[in-house]
Amino acid sequence: MKAGVLALQGAYGLHLDALDRLRIPGKEVRKAGDLDDIELLIIPGGESTTISMLLDRSGLFEAIDERISAGMPVFGTCAGAILLCSRVRDGRPDQRSFGAIDITVRRNGYGGQLQSFEADLDIDGVKGPPYHGIFIRAPVVEQVAPGVEVLASVRGDPVVCRQGPVMITTFHPELTDDDRLHQLFLRQTDDPGRSLATA
Ligand code: GLN
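These lines cover the structure that appears in this document, whether it is placed above or below. (Residues numbered from 1 in each chain as written. Predicted model: local features only at pLDDT ≥ 70, side-chain atom pairs only at ≥ 80, totals over all residues. Heavy atoms only, no water.)

1. Regarding helix α1 (residues 12-21)
Quick note on the threshold: Exposed residues in this analysis have more than 50% of their type's maximum accessible area, buried residues have under 20%, and partly exposed residues fall in between, with area computed by a 1.4 Å probe over protein chains only. Going along the chain from the N terminus, every DSSP run of H or I of four or more residues is numbered as a helix, and every run of E of two or more is numbered as a strand. The arc in question is the one spanned by the directions pointing from the helix axis to the C-beta atoms.
Those residues of α1 that fall on the buried side of the exposure criterion are His15, Leu16, Ala18 and Leu19. What you see down the axis of α1 is that its buried residues fit within an arc of 155°, all on one side. Positive backbone phi, approximately 60°, marks Arg23, located one or two places after α1.

In structure tokens:
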């Protein structure tokens, strides 16, 4: 299994480090041809408006969209969650999203840099001690359609969601050495339809 990490802008290097620790071959994705030999994709945190613009310019938007429609598992973190969702509030009018997970998010919904925060999370499907989530200018998930699983919440807001082969976190799992969320994503890619209750 080879995993791609979208490497146009943002925190992609640390996702590649996490894959390395898990002994999954990882690859930077910068142009459409880079998708050819990958089985799954991680879209990192960063700035969703910039990543959206670069996706357009590189021709990657359509190429990734096609792969997502064909069922490729995708994991989006923070800005990556904004890029994967169905509806963005407070986005730039020209920013695009893949509509791969049926949630509505509000960009910078907790406020700016000064309202960044950390929280210990209990996440369905993640065993052991709470997971330390680092939220940096994070989006708030404001609506979740039926069929989307909410795996963890903070202050009543969903922060880890999954729909079929698509998983998002509104925080940055690559900023800690705790690889349990990457593991959860990789495990689910084996059988995206599997219920977490039996995972
Ligand atoms: N606020 C950023 C955006 O709109 C996301 C922040 C992040 O990825 N840490 O894309």
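Moving on from the coordinates now.
2. Notes on the nonpolar core
The cut-off we apply is this: For this analysis, a nonpolar core means a set of buried residues of the types Ala, Val, Leu, Ile, Met, Phe, Trp, Tyr and Cys, connected via side-chain atoms within 4.5 Å. Pairs of residues are marked as contacts when any of their non-hydrogen atoms sit within 4.5 Å.
In this structure, Leu55, Ile64, Leu84 and Phe98 are the most contacted members of the largest nonpolar core, which totals 31 residues. Those elements that place two or more of their residues in this core are β3 (40-43), α2 (48-58), α3 (60-69), α4 (79-84), β6 (101-106) and β12 (166-169). Sequence-distant contacts of Leu84, that is, excluding residues within four places in its chain, are made with Ile43, Ile68, Val74, Phe75, Gly76, Phe98, Gly99, Ala100, Ile101, Val166, Met167 and Ile168. Core analysis: the second largest hydrophobic core is formed by 30 residues, Ala138, Val159, Phe171 and Leu186 among them.

3. Some words on the sheet that holds strand β9 (residues 140-144)
This is how it is decided: The pairing criterion is simple: DSSP has to find at least two bridges between the two strands. Think of each axis as a best-fit line through the C-alpha atoms, taken over the contacting stretch in the case of a helix, with angles from 0 to 180 degrees between the N-to-C directions.
Spatially, the 3 strands line up as an open sheet ordered β5-β6-β9, and their pairing is mixed. The open sheet is flanked by β5 (85-89) and β9, the only strands paired with a single partner. Each adjacent strand pair in this sheet contributes to an overall mean axis angle of 30°, direction not counted. Alignment of β5 against β6, held across 4 bridges, turns out to be parallel. Bridge pairing links Cys85 to Ile101 in β6.

4. A closer look at the site of the ligand
To keep it simple, the criterion reads: For this purpose, a residue is taken to be near a molecule or strand whenever a single non-hydrogen atom of the residue falls within 4 Å of it. Polar contact is defined as a pair of N or O atoms within 3.5 Å, subject to the rule that within protein one atom must be able to donate a hydrogen and the other to accept it, and that residues adjacent in sequence are counted only when both atoms are side-chain atoms. Each residue is assigned to one class: nonpolar for Ala, Val, Leu, Ile, Met, Phe, Trp, Tyr, Cys and Pro, charged for Asp, Glu, Lys and Arg, and polar for all the others, Gly among them.
Near the ligand the following residues occur: Gly45, Gly46, Glu47, Ser48, Cys78, Ala79, Ile82, Arg107, Asn108, Ile136, Arg137 and His172. The contact in question runs from an oxygen atom of the ligand to an N or O atom on the side chain of Glu47, over 3.5 Å. A distance of 2.5 Å is found between a nitrogen atom of the ligand and a side-chain nitrogen or oxygen belonging to Asn108. Taken together, the residues that form the shell around the ligand break down as 4 nonpolar, 5 polar and 3 charged.

5. What to know about unusual backbone geometry
Residues other than glycine seldom take positive phi values, yet Arg23 does so here, at roughly 60°. Mapped onto the secondary structure, Arg23 falls in the loop between α1 and β2 (26-29). Judged by its relative accessible area of 73%, Arg23 is exposed.

6. Remarks on the environment of Val5
Examined against the element boundaries, Val5 turns out to sit in strand β1 (residues 3-6). Sequence separation between Val5 and Phe75 is 70 residues, and the spatial gap between their C-alpha atoms is 9.4 Å. In contact with Val5, other than residues within four places in its own chain, are Tyr12, His15, Leu16, Leu19, Lys27, Glu28, Val29, Leu41 and Ile42.

7. Let's talk about the pairing of strand β7 (residues 117-121)
Here β7 shows a clear split, with Phe117, Ala119 and Leu121 buried on one side and none of Glu118 and Asp120 buried on the other. As judged from the 5 bridges shared by β7 and strand β8 (residues 131-135), these two strands associate in the antiparallel manner. Residue pairing across strands places Asp120 opposite His132, the latter belonging to β8.

8. A look at the packing of aromatic side chains
The test is simple: Stacked, tilted and edge-to-face are the three classes assigned to paired rings of Phe, Tyr and Trp, where Trp is represented by its six-membered ring and a pair needs centres within 6.5 Å; plane angles under 30 degrees give stacked, over 60 edge-to-face, the rest tilted. Charge over a ring is defined by NZ of Lys or CZ of Arg lying within 6 Å of the ring centre and within 35 degrees of the ring normal.
Throughout the structure, instances matching the rule amount to 7 aromatic pairs. Ring centres of Tyr110 and Phe135 lie 6.4 Å apart, and the angle between their planes is 70°; this geometry places the pair in the edge-to-face category. Taken together, the residues span a long stretch of sequence, with Tyr110 in the loop between β6 and β7 and Phe135 in strand β8 at a distance of 25 residues. Taken as a pair, Tyr110 and Phe135 share a single burial class, namely buried. Ring centres 6.0 Å apart and planes at 45° place the aromatic pair Tyr131 and Phe171 in the tilted group. Taken together, the positions of Tyr131 in strand β8 and Phe171 in the loop between β12 and α5 (180-190) put the pair 40 residues apart, joining distant regions of the chain. The pair Tyr131 / Phe171 is uniform in exposure class, with both members buried. Ring pairing ties together the aromatic residues Tyr110, Phe117, Tyr131, Phe135 and Phe171, which thus form one cluster. Above the plane of the ring of Phe61 lies Arg96, whose end atom (NZ or CZ) is 3.8 Å from the centre.

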